[in-house]
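# Analysis of the macromolecular model
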Number of protein chains: 2
Amino acid sequence: MTSPVASPLEETVLIVGVGLIGGSIASAVRARGVARRVIGLGRDQSRLNAAVYRGLLDADFTDPVEAAKSATFVVVCTPVTRIIDDVRALLPHLPKSALVTDAGSTKQRIVAELADLADQQPTFVGSHPIAGSDKQGFEHADANLFLHRLCLITPTVQHSTETVARVERFWQGLGMTTQLMDAAIHDETLARTSHVPHVVAAAMANSIRETDLTFTGTGFRDTTRIAAGDADLWTTILMENTNAVRTSIATVQEQLALFDRAMANGDAKQLRSLLASAKSLRDQLSENVEGPMTNVERD
Amino acid sequence: MTSPVASPLEETVLIVGVGLIGGSIASAVRARGVARRVIGLGRDQSRLNAAVYRGLLDADFTDPVEAAKSATFVVVCTPVTRIIDDVRALLPHLPKSALVTDAGSTKQRIVAELADLADQQPTFVGSHPIAGSDKQGFEHADANLFLHRLCLITPTVQHSTETVARVERFWQGLGMTTQLMDAAIHDETLARTSHVPHVVAAAMANSIRETDLTFTGTGFRDTTRIAAGDADLWTTILMENTNAVRTSIATVQEQLALFDRAMANGDAKQLRSLLASAKSLRDQLSENVEGPMTNVERD
């Protein structure tokens, strides 16, 4: 579904953490009529004022108790290390029928620590809308950020089909496709496809000398582009998903060792085989096709 | 110098291996009036016919003896494993005043094995014009491929200043900037800035599963883009520059180990430091500045 919804899905959507993602969700909800009202909860009143002024929010709060009172659907868009606390702070004050979800790029710990809420009211179910840009802040909020993007949703066996359907409809209302995934498998998968590429890009960048910069071309630039990502953000993500990331780093190390050994043995055949295998996989990602994750992933 | 030369620098330029690079050199020489004539030497008569038909060459040869007779300036643009043999095949038949150079992306072995020609006539001096695209074949020849690009030239102490000046003028005539570099340092530097990024990109691509492809975003795409490079070409380059590439792979592996250890120790501070260091280096490559090597390096 990429056109606006026929009638609002939710009464009042509460965005916790009105940054790039939270601001874009607010913007998309309004543009697409997904809810009747959009309100925001944050820590910095002047930032909230600016977000309201920009037309993103109908109301703003710095007190979770007040924010929760009228919220029927909550999306927590704060850094992954704060999501659990932010959810717990709202719970006692939310209407019973409220659904709480998040936008965190790691899921396992969040889902595990909030698992008690799966079959309670209000309820919590984890989401990871895979969208973003290399920008930061609600000033860059984009109602179209989620169009055709993929949202992974990570229910447990305790979640009801109604809860899952409700959160899926929300993200679909923003123009996303949705897919259910086990939280642990989510973190392992994203370690391989998103988190470790950052580590690899950074390791590559750190492996040249400053005097080498003149002699770099687009190959180096492409391989290290995402190393320019926000260091605080990525420290947080890597600390949250340490085990899965380390497992995947070990895989990359093994691959590098295969290349190294082929060269040590002067084994052109094996070298070619490794390169051809990589090319074959990479060729499956057409540059011209707008896939569900073709924006820079950004939390 | 980026405008055409005032008068031809050379009488007859002979291109050996009329592919993307050789074809582009031919095209640039003609467009910019660098020589009076451009002729080509290759192994496939039908391909040479097509290159002539396309207007790239004034004459074509499959016999090095015949090709050499009227050549005053030679650029050998064949794969790096063939360059030495191709140079030797021409030498006895070239005019004494002829200068032979190449376009190979590795230099040490080529320069070492042809070192006897440094102070002889005809002479050989190594070049590496750092330019390219991800295309192949003379059909994609581009007279502008070398504009503002960097050409590394690798003379030995035996080369005369006249020889070096002559080959520099040639590449500058194509619109390149030139820089002299020791051949061994060239290979070590390019290992870090160009060859190992390919290995790293391929290792990253080989580290995900096919079922992961749906969950990749621009981060993975950017980091693995150059893994789509031609497997034969890169096998050749890596085999030629094995020692320097292995040294640089070891550096990348050390960097990955630093990340791994920081995570194992839950050391967010160290993790942030590694990421910030990488960001700091990568930020020095502005995306908006057309540097001397901003095309995909391609040989």
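Scoring rules and cut-offs
- Residues numbered from 1 in each chain as written.
- Chains lettered and ligands numbered in written order.
- Predicted model: local features only at pLDDT ≥ 70, side-chain atom pairs only at ≥ 80, totals over all residues.
- Heavy atoms only, no water.
- Phe/Tyr/Trp six-rings, centres within 6.5 Å; stacked < 30°, edge-to-face > 60°.
- Buried < 20%, exposed > 50% of the residue type's maximum accessible area, 1.4 Å probe, protein only.
- Least-squares fit on C-alpha atoms with pLDDT ≥ 70 in both.
- pLDDT = per-residue confidence, 0-100.
- Contact = heavy atoms within 4.5 Å.
- Buried area = accessible area lost by both parts, 1.4 Å probe.
- Salt bridge = Lys/Arg side-chain N within 4 Å of Asp/Glu carboxyl O.

With that settled, consider the packing of aromatic side chains. All names here are of chain A. Under the criterion given, the structure shown has 4 aromatic pairs over all chains. Taken together, a centroid distance of 5.1 Å and an interplanar angle of 80° make the contact between Phe170 and Trp171 edge-to-face. In this pair, the class of Phe170 matches that of Trp171, namely buried. By way of ring pairs, the aromatic residues Phe73, Phe170 and Trp171 are connected into one cluster.

What follows concerns the relation of the copies chain A and chain B. Between chain A and chain B, which share one sequence, the superposing operator has a rotation angle of 180° and an axial displacement of 0.0 Å; the RMSD is 0.1 Å. Accordingly, the operation relating the two chain copies is best matched by a two-fold axis. Considering only C-alpha atoms, the part of chain A nearest the rotation axis is A:Thr223, at 2.0 Å.

With that settled, the discussion passes to the confidence of the model for chain A. Residue and element names in this part refer to chain A. Per-residue confidence for chain A gives a mean pLDDT of 93, with 94% of residues at or over 70. Of the regions scoring below 50 in pLDDT, residues 288–292 engages in 10 contacts with residues more than four places distant in sequence or in other chains. Confidence drops under a pLDDT of 50 for residues 294–299, and excluding neighbours within four residues, the segment shows 37 contacts in the predicted structure. Here the predicted complex scores 0.87 on pTM and 0.88 on ipTM.

Chain A puts 84 residues into the contact, and the matching count from chain B is 84 residues. Here chain A packs against chain B, burying approximately 8,100 Å² in sum over the two surfaces, 64% of which is carbon and sulfur. It is A:Phe215, A:Arg221 and A:Met263 in chain A that bury the most area against chain B; as a group they hold 10% of the surface buried on that side. Where chain A packs against chain B, one counts 8 salt bridges.

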